[in-house]
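Summary of structural features
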Amino acid sequence: RDKIAASKRKGIWVGGNLPLGYRMQDGKIGVVEEEAELVRTIYRRYLQLGSVNELLRDLNERNIRTKSRLLSTGVTRGGIPFGRGTLYYILSNHFYIGEVKYKDEILPGEQPPIMDRTLFDAVRQKSLAQWSHRTTVRNKADHLLTGLLFDDAGHRMIPTHATKAGVRYRY
């Protein structure tokens, strides 16, 4: 019943924008070698620099931009400087080593890999090691401003709420 899941399990690309370094040609996924080299460069520079923020600065200094796409409407998308989210996506994308991710599964894909697994795993290890120190959960309290607001006399303001028609309004 789930055609997308069945196609993904076979390793077939089921649509959407292809990642940087790939293009569709004759119904098959092909490698764009210039873009593939850019992806490999991004991975290597991340290992050298050690952070996405430094990588972002480096790419901006080199004037390296995202892939430009011409839509059927004549509008051009892309061709802009890389953002942090884009770089995080590129650095964690299994598509570059010939795999397809579907939900929580990593499956073999039909596309040719554009980088070796050792480089991908080294970047994965480095990025996961940087996230291991983040143990606190943000916004764990319902009242986000507790202890931060004071009235004109200097008294601490406390949270309160009202409920109307089953909806809780916090003040």
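Residues numbered from 1 in each chain as written. Predicted model: local features only at pLDDT ≥ 70, side-chain atom pairs only at ≥ 80, totals over all residues. Heavy atoms only, no water.

Two numbers describe how helix 3 (residues 52-61) lies on helix 4 (residues 84-91): the axes approach to 10 Å, and their chain directions differ by 110°. Taken together, helix 3 and helix 4 sit at an angle that is classed as roughly perpendicular. Across the interface between the two elements, Val52, Asn53, Leu55, Leu56 and Leu59 of helix 3 pack against Arg84, Leu87, Tyr88 and Leu91 of helix 4. Looking at side-chain class alone, the contact of helix 3 with helix 4 contains seven nonpolar, one polar and one charged residues. (Axes fitted to C-alpha atoms, helices over the stretch in contact; angles between N-to-C directions. Helix = DSSP H or I, 4+ residues; strand = E, 2+ residues; numbered from the N terminus. Parallel < 35°, antiparallel > 145°, perpendicular 65-115°, else oblique. Contact = heavy atoms within 4.5 Å. Nonpolar A, V, L, I, M, F, W, Y, C, P; charged D, E, K, R; others polar.)

Now for unusual backbone geometry. What you tend to see is this: most non-glycine residues have negative phi, and most peptide bonds are trans. Even without glycine at this site, Asn63 takes up a positive phi of about 60°. Positive phi is not limited to glycine here, since Ala165 has a value of about 55°.

Here helix 2 (residues 33-49) contains 17 residues, and its C-alpha end-to-end distance of 24 Å stays within 8% of the 24 Å for a straight helix at 1.5 Å per residue. Looking at the buried side of helix 2, the elements it contacts are strand 1 (22-25), strand 2 (28-31), helix 3, helix 4 and helix 5 (117-131). Gly50 lies just past helix 2 and shows a positive phi near 90°. (Expected span 1.5 Å × (residues − 1).)

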